[in-house]
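Architecture and fold: a report
Here's the letter readout for the chains.
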Amino acid sequence: MTDQAELKADVIEITVSGTFKTEHVFNTPDGILGALTIKGSKGEGSFLGSDDAVLDFKKPSVWKSQYELQEGNITIAKAHPPKKLKRAFEIDFEGEIFNLSPGGSKMRSWTLKNSQGQAICEILPRGGLKRGAYIKIGAEIPLKLLVFSYCLVVKRWQEESAVAAAS
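Remember, it's a predicted structure, so these values are computed and weren't measured experimentally.

Conventions and cut-offs
- Residues numbered from 1 in each chain as written.
- Predicted model: local features only at pLDDT ≥ 70, side-chain atom pairs only at ≥ 80, totals over all residues.
- Heavy atoms only, no water.
- Pairing = 2+ DSSP bridges.
- Helix = DSSP H or I, 4+ residues; strand = E, 2+ residues; numbered from the N terminus.
- Axes fitted to C-alpha atoms, helices over the stretch in contact; angles between N-to-C directions.
- Salt bridge = Lys/Arg side-chain N within 4 Å of Asp/Glu carboxyl O.
- Buried < 20%, exposed > 50% of the residue type's maximum accessible area, 1.4 Å probe, protein only.
- Core = buried A, V, L, I, M, F, W, Y, C linked by side-chain atoms within 4.5 Å.
- pLDDT = per-residue confidence, 0-100.
- Contact = heavy atoms within 4.5 Å.
- Lys, Arg positive; Asp, Glu negative; His and termini not counted.

**Structural notes on the sheet that holds strand β11 (residues 119-125)**
Strands in a sheet are paired, the pairing made by backbone hydrogen bonds, and the direction either parallel or antiparallel. Strand order in this closed barrel of 12 strands is β1-β2-β3-β4-β5-β6-β7-β8-β9-β10-β11-β12, and the pairing throughout is antiparallel. Pairs of neighbouring strands in the sheet enclose a mean axial angle of 20°, with direction left out of account.

Spelled out as structure tokens, the structure:
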């Protein structure tokens, strides 16, 4: 999967369709980067890139809040909360550590920072009654890391919605 050409856009718009099985399409002004399909309550899914590359988003344990991104049979990224009961994630992507945490320019937004604390991208809900998100890109980011970060944020948004609906 090539990472250079995909992320020339400053903003990626992600549109969502479906209910139990959802499709998240990554749109840029230059065209579609790919589509992520998330299946049901477990929240696992697959991303099919416009170059036919496939990434799988998995949750290896039902009990732990840990996630993996796989390309073929190789795990290329792992994520877990840095401390118990924290909403943030620590991401190990190809040997580099990133921090994905809530907070940014808007409510419910999430910011991905590199190990030096530099903001790389911000993931914001589309707002209103629109499903999906906008991803504002502030620094070079591999598409694989962008997809993984988005999957993690979607998972947290689903958890927040479930808690809100239950209360």
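**As for the pattern of salt bridges**
Overall, the coordinates contain three salt bridges when judged by the stated rule. Between Arg156 and Glu159 there is a salt bridge, with its nearest N and O atoms 3.0 Å apart. In this pair, Arg156 and Glu159 are both assigned in helix α1 (residues 143-166), three residues apart and thus about one turn of the helix distant. By relative accessible area, Arg156 is classed as buried at 6%.

**Here's the deal with the nonpolar core**
Judged by nonpolar contacts, the single largest core of 41 residues is most densely connected at Phe26, Ile91, Ile135, Leu146, Phe148, Tyr150 and Leu152. Top contributing element to this core by residue count: α1, with 11 residues.

**A word on the pairing of strand β2 (residues 21-28)**
By the bridge criterion, five bridges tie strand β1 (residues 11-17) to β2 in an arrangement that is antiparallel. Along β2, the bridge assignment pairs Thr15 with Val25. Counting the residues in the hairpin turn of β1 and β2 gives three residues, including Gly18, whose phi is positive at 100°. By the bridge criterion, eight bridges tie β2 to strand β3 (residues 31-39) in an arrangement that is antiparallel. Bridge pairing links Asn27 to Ile32 in β3. Turn length for the β2-β3 hairpin, with the two strands adjacent in sequence and antiparallel, is two residues.

**Side note on the confidence of the model for the protein**
Scored by pLDDT, the protein comes out at a mean of 87, with 91% of its residues at no less than 70. Across residues 1-6, where pLDDT falls below 50, the model places 14 contacts with residues more than four positions away in sequence or in other chains.

**Some words on the environment of Lys42**
Mapped onto the elements, Lys42 comes out in the loop between β3 and β4 (44-49). Relative accessible area serves as the criterion here: at 42%, Lys42 is assigned to the partly exposed category. C-alpha of Lys42 to C-alpha of Lys155: the two residues are 113 residues apart in sequence and 9.2 Å apart in space. Beyond its immediate sequence surroundings of up to four residues, Lys42 is in contact with Lys59 and Lys155.

**A word on unusual backbone geometry**
We note that Asp52 has phi near 70°; this positive angle belongs to a residue other than glycine. Inspection of the secondary structure assignment puts Asp52 in the loop between β4 and β5 (54-58). The phi angle at Glu94 is positive, at roughly 50°, despite the residue not being glycine. Along the polypeptide, Glu94 turns up in the loop between β8 (89-93) and β9 (96-102). Glu94 sits in the exposed class, given a relative accessible area of 55%.

**Focus on the side chain of Lys59**
Mapping Lys59 onto the fold places it in the loop between β5 and β6 (67-71). In this structure Lys59 is buried but unpaired, with Glu159 as the nearest side chain of opposite charge at 5.7 Å. Here Lys59 is in contact with Lys42, Glu44, Lys64, Ser65, Gln66 and Tyr67, once residues within four sequence places are set aside.

**Examining the pairing of β4**
Remember that side chains alternate between the two faces of the sheet whenever the strand is regular. Pairing geometry for β3 and β4, over six bridges, is antiparallel. Pairing of Gly34 across the sheet is with Gly49, part of β4. Of the strand pairs in this sheet, β4 and β5 are connected by four bridges, and their pairing is antiparallel. Following the sheet pairing, Phe47 is matched in β5 by Leu55. Between β4 and the antiparallel strand that follows it, β5, lie four residues; Asp52 among them carries a positive phi value of about 70°.

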